[in-house]
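Descriptive analysis of the structure
Chain by chain, the residues:
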Amino acid sequence: MVKQKPSKKLSRYIDTYWMIENHTNRSIDLPIVPDGCIDIVVKDSDIFLVGLMEVASIKPIYPCDAYFGIRFHPAVMTTLLQRDISTFNDKIAPLSSIDSNLYRVLAPLLSHQPYDFIALDKQFELLFESVTFDMRILDLVEMIVLSGGSIEMEALEEQCGLSSRQIERLFHFHVGLTPKKFARIMRFFDTHKYLTKEGIDNLCLKVLHKGYYDQAHFNREYKALTGIHPTSEVMSIFYNTK
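Residues numbered from 1 in each chain as written. Predicted model: local features only at pLDDT ≥ 70, side-chain atom pairs only at ≥ 80, totals over all residues. Heavy atoms only, no water.

Describing the sheet that holds strand β2 (residues 14-21)
- On the basis of which strands lie adjacent, the open sheet formed by 6 strands has the order β1-β2-β7-β4-β5-β8 and antiparallel pairing. Looking at strand neighbours, the two that pair on one side only are β1 (2-4) and β8 (92-94), the edges of this open sheet. Across the sheet, the mean angle from the axis of one strand to that of its neighbour is 25°, orientation sign disregarded.
- As paired strands, strand β4 (residues 38-43) and strand β7 (residues 66-72) are joined by 5 bridges and run antiparallel to one another. If you follow V42 over to β7, its bridge partner there is F68.
- Packing against the sheet, helix α4 (residues 117-129) makes contact with β1, β2 and β7, and its axis sits at approximately 145° to β2. (Pairing = 2+ DSSP bridges. Helix = DSSP H or I, 4+ residues; strand = E, 2+ residues; numbered from the N terminus. Axes fitted to C-alpha atoms, helices over the stretch in contact; angles between N-to-C directions. Contact = heavy atoms within 4.5 Å.)

Okay, here's the thing in structure tokens:
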């Protein structure tokens, strides 16, 4: 996967532009793990919205396949689309059927390669300048992400000055999950990134460092969110376990 960061103006809203291409003569099974984000994905000039994933999936990348994506930070697409984002959880839908105006704006920039990242940045800067974000939810999301999903709800309420009911309501509409479920996914994803970098040797110590009670606790959470064990062969693409 090749990644390109957006402009500094967009850093609060877009995590990254990314591209996956298969230049081999065989299919590659790529695990797609929950990360709390929503993506716009392009394949063969078709543009899709990929909703927040609550569980992992295995995506076959066939020879000569190429995907381009724009990964939005949690809670951002709700404001851009002006609708309850939870309706798209674990779903993929053509962007043209969801928001025809957004599709018309982006289609000329996403219809052919190479992609013009400067033009994309400018277009998204204009789009985000035209909408008003509820900064409370962006701040709440940031607190959970920065904590690696380990912040307690009481600490979240204290830091943001909101009641648990207010926080629940904001998360349901803007993120599509309860704050506890979102934090659970963020802790999993933070650990997944750590293991991708460090490998799974001394796994017990590593997951304790990330806030799990023990390795059994991590294994249960991992299987609940991915359906497989972290040492499964399909995950070796990340953790070098082959």
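Observations regarding the side chain of D39
- Tracing the sequence through the fold places D39 in strand β4.
- Assessed through its relative accessible area of 8%, D39 is described here as buried.
- For D39, the side chain forms a polar contact with the side chain of W18, separated by 2.8 Å.
- Looking at D39, its side chain comes within polar contact range of the side chain of R71, at 3.4 Å. (Buried < 20%, exposed > 50% of the residue type's maximum accessible area, 1.4 Å probe, protein only. Polar contact = N/O pair within 3.5 Å; in protein donor to acceptor, adjacent residues only side chain to side chain.)

Considering α4
- Here α4 spans 18 Å end to end across 13 residues, near enough to the 18 Å set by a 1.5 Å rise per residue.
- Looking at the buried residues of α4, the elements they touch are β2, β7, α1 (76-81) and α3 (100-110).
- N-capping of α4 is provided by D116, with a side-chain oxygen placed 3.2 Å from the backbone N of I118. (Expected span 1.5 Å × (residues − 1).)

Looking at the pairing of β4
- For β4, a buried count of 5 out of 6 residues is recorded, marking the element as mostly surrounded by other parts of the structure.
- The sheet contact formed by β4 and strand β5 (residues 46-50) spans 5 bridges and is antiparallel. Across the sheet, residue V41 finds its bridge partner in β5, namely F48.
- Hairpin connection of β4 to β5: 2 residues between the antiparallel strands, including D44 at a positive phi of 55°.

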